[in-house]
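# Summary of structural features
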Protein chains: 2
Amino acid sequence: MSGFKVGELVVDSGSLILSEGSHSAQLFTVLSGWAFRYKTMEDGRRQILNYMLPGDLLGLQGSVMGEMQHSVEAMSPVVLCVFQRDKLPDLFRNHPDLGYDVTWLASREERMLDENLLSLGRRSALERAAYLIAFLHQRATAIGMVGRKPLMIPITQQHVADTLGLSIVHTNKTLRRLAQKKLLRWHDRACEVLDEGGLMAAAGWEGIGEGTRPLI
Amino acid sequence: MSGFKVGELVVDSGSLILSEGSHSAQLFTVLSGWAFRYKTMEDGRRQILNYMLPGDLLGLQGSVMGEMQHSVEAMSPVVLCVFQRDKLPDLFRNHPDLGYDVTWLASREERMLDENLLSLGRRSALERAAYLIAFLHQRATAIGMVGRKPLMIPITQQHVADTLGLSIVHTNKTLRRLAQKKLLRWHDRACEVLDEGGLMAAAGWEGIGEGTRPLI
DNA sequence: CGTCGGTTTGATCTAGTTCAACCGCCGTGG
DNA sequence: CCACGGCGGTTGAACTAGATCAAACCGACG
């Protein structure tokens, strides 16, 4: 693995890590922090596709298919492990088990997108919001980000709106309803989860259900 | 590759190929026909996630991560090439280039899901419908399914509704609007594309833009 | 000849959008 | 030191895209 790694990269909150349309030569792994993947339309409409947490691979689409078709932006200070994209075929040749792990990660991403798609297509605003927050909380929990201190998800209501496909106004009203039910508490650009089970119930969501995870 | 293949499977239109919650032992490639991937909620709401055409891999999530979290159903007679799922790690070990191709396919699926997510989150009903039909037409074209005879996409309006996250009634009204604009013609459980460019324009969509595709 | 799945149409209703303010906080520049 | 502007969040009122309800049509098929 070490031969494949090029270096580390540290970026601030709000920085653009990868940009739609570019032919970036890098592939990253998140070591710490939060980021999100999104697409935009010419007229400015933005859709957040998924969130990236420590352990996630970032830029695989660009590496394997050429041009990036989405952007990635940091939501907190982020530390990245940088790889050389053109060495990816070598990785598959010389370390087939690592190649398999890359496929595992790609499959997991696909699974998350499936669930997000179900959310956007078939869940109500309240269900969607509950789902999103519970989902992020579960992911953070799974990688040990939530200890004795309650977790603060570093997200703004604009992010939530752009993830759920809702207007910012309705997003606000919906989040307040969840807060009134004591399922979460909203802070300044952060969300604290008070009752993950309650959120899951409100969303009609069973949870992630993920096997053992490879470390890259 | 031959050692990996187990056999062929032929199924009728409407058959369930893979089922949510199962631990299917197989992995498939579509040889001919149309199928779709979907998820359902307990109360019956259904969301179609993507469509499967010849060349697509099917059941990778189940193979790599255990349990299937979506189902797959045939929309036409379908011929499948069947693989043994537990031989997948061997494939990566003994044929790294094929392993890479699997990852390529997974990345491509991710890309399509990204675009669908943008559609559901940020496009209007008319844009979504236009996008979906143009998208299917492009995919079919890319694999040479459309020759001198115009292509008939073997889809019902219920499929379209469950893909776009719309009600069946509104889907019908939206498709009629596209038909009035002479962008498509609706037949009995089939859609004929009259003007792909017009559909793309109506959707605000640039097209797929796909590199060279591996054959598995 | 009845029935069933797919499609069509009109009327009514509502979840979510848009518009328009306003508040509190913080960083900047005079 | 204070005024100003911008960003994130909040709230109410008016509006609309799309949902729901209800009914009918049409061709295939037993």
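Overview of the structure. The shown structure was predicted, so the numbers you read here are calculated from the model rather than taken from an experiment.

## Notes on the sheet that holds strand β7 (residues 71–74) of chain A
With respect to topology, four strands assemble into an open sheet ordered β2-β7-β4-β5 (chain A), the strand pairing being antiparallel. One side of each edge strand has no neighbouring strand; the edge strands of this open sheet are β2 (16–18) and β5 (46–52) of chain A. Between one strand and the next, the sheet's axes are offset by a mean angle of 35 degrees, whatever the strand orientation. Alignment of β2 of chain A against β7 of chain A, held across two bridges, turns out to be antiparallel. Residue pairing across strands places L18 of chain A opposite V72 of chain A, the latter belonging to β7 of chain A. Contacts from helix α3 (residues 96–122) of chain B reach β4 (35–40) and β5 of chain A within the one sheet, and its direction differs from that of β5 of chain A by about 130 degrees.

## Topic: the protein's contact with DNA strand C
Neighbouring residues of DNA strand C: 15 residues in total, closest S167 and H170 of chain A together with Q157, N172 and W186 of chain B. Taking all atoms of DNA strand C within 4 Å of the protein, the share assigned to sugar and phosphate is 68%. Note that a phosphate oxygen of DNA strand C is positioned 3.2 Å from one of the backbone N or O atoms of A125 of chain A. In the model, a phosphate oxygen of DNA strand C is placed 2.8 Å from a nitrogen or oxygen of the W186 of chain B side chain. Contributions of two or more residues to the surface near DNA strand C are made by α6 (168–180) of chain A together with α6 (168–180) of chain B. For the surface near DNA strand C, the element with the most residues is α6 of chain B, which contributes four residues. The class makeup of the residues in the surface near DNA strand C is five nonpolar, seven polar and three charged.

## A word on helix α5 (residues 157–164) of chain B
Residues and elements named next belong to chain B. Most of α5 sits inside the fold, with seven of its eight residues counted as buried. When α5 is considered as a whole, its buried residues turn out to be Q157, H159, V160, A161, D162, T163 and L164. Sitting at the amino-terminal end of α5 is T156, which places a side-chain oxygen 3.1 Å from the backbone nitrogen of Q158. One or two steps after α5, the chain reaches G165, where phi turns positive at roughly 75 degrees.

## Some points on helix α4 (residues 125–142) of chain B
All names here are of chain B. A rise of 1.5 Å per residue sets the reference length of α4, with its 18 residues, at 26 Å; its end C-alpha atoms lie 26 Å apart and thus fit the reference within 8%. Taken across its 18 residues, α4 has 16 buried, putting it largely inside the fold. Just past α4, the residue G144 takes up positive phi, approximately 75 degrees.

## Concerning the pairing of strand β8 (residues 78–84) of chain A
Residues and elements named next belong to chain A. With five of seven residues buried, β8 is to be regarded as a mostly interior element. Bridge count for strand β3 (residues 26–32) against β8 is six bridges, and the pairing is antiparallel. The residue bridging S32 from the neighbouring strand is V79, located in β8.

Conventions we followed
Residues numbered from 1 in each chain as written. Chains lettered and ligands numbered in written order. Predicted model: local features only at pLDDT ≥ 70, side-chain atom pairs only at ≥ 80, totals over all residues. Heavy atoms only, no water. Pairing = 2+ DSSP bridges. Helix = DSSP H or I, 4+ residues; strand = E, 2+ residues; numbered from the N terminus. Axes fitted to C-alpha atoms, helices over the stretch in contact; angles between N-to-C directions. Contact = heavy atoms within 4.5 Å. Near = heavy atom within 4 Å. Polar contact = N/O pair within 3.5 Å; in protein donor to acceptor, adjacent residues only side chain to side chain. Nonpolar A, V, L, I, M, F, W, Y, C, P; charged D, E, K, R; others polar. Buried < 20%, exposed > 50% of the residue type's maximum accessible area, 1.4 Å probe, protein only. Expected span 1.5 Å × (residues − 1).

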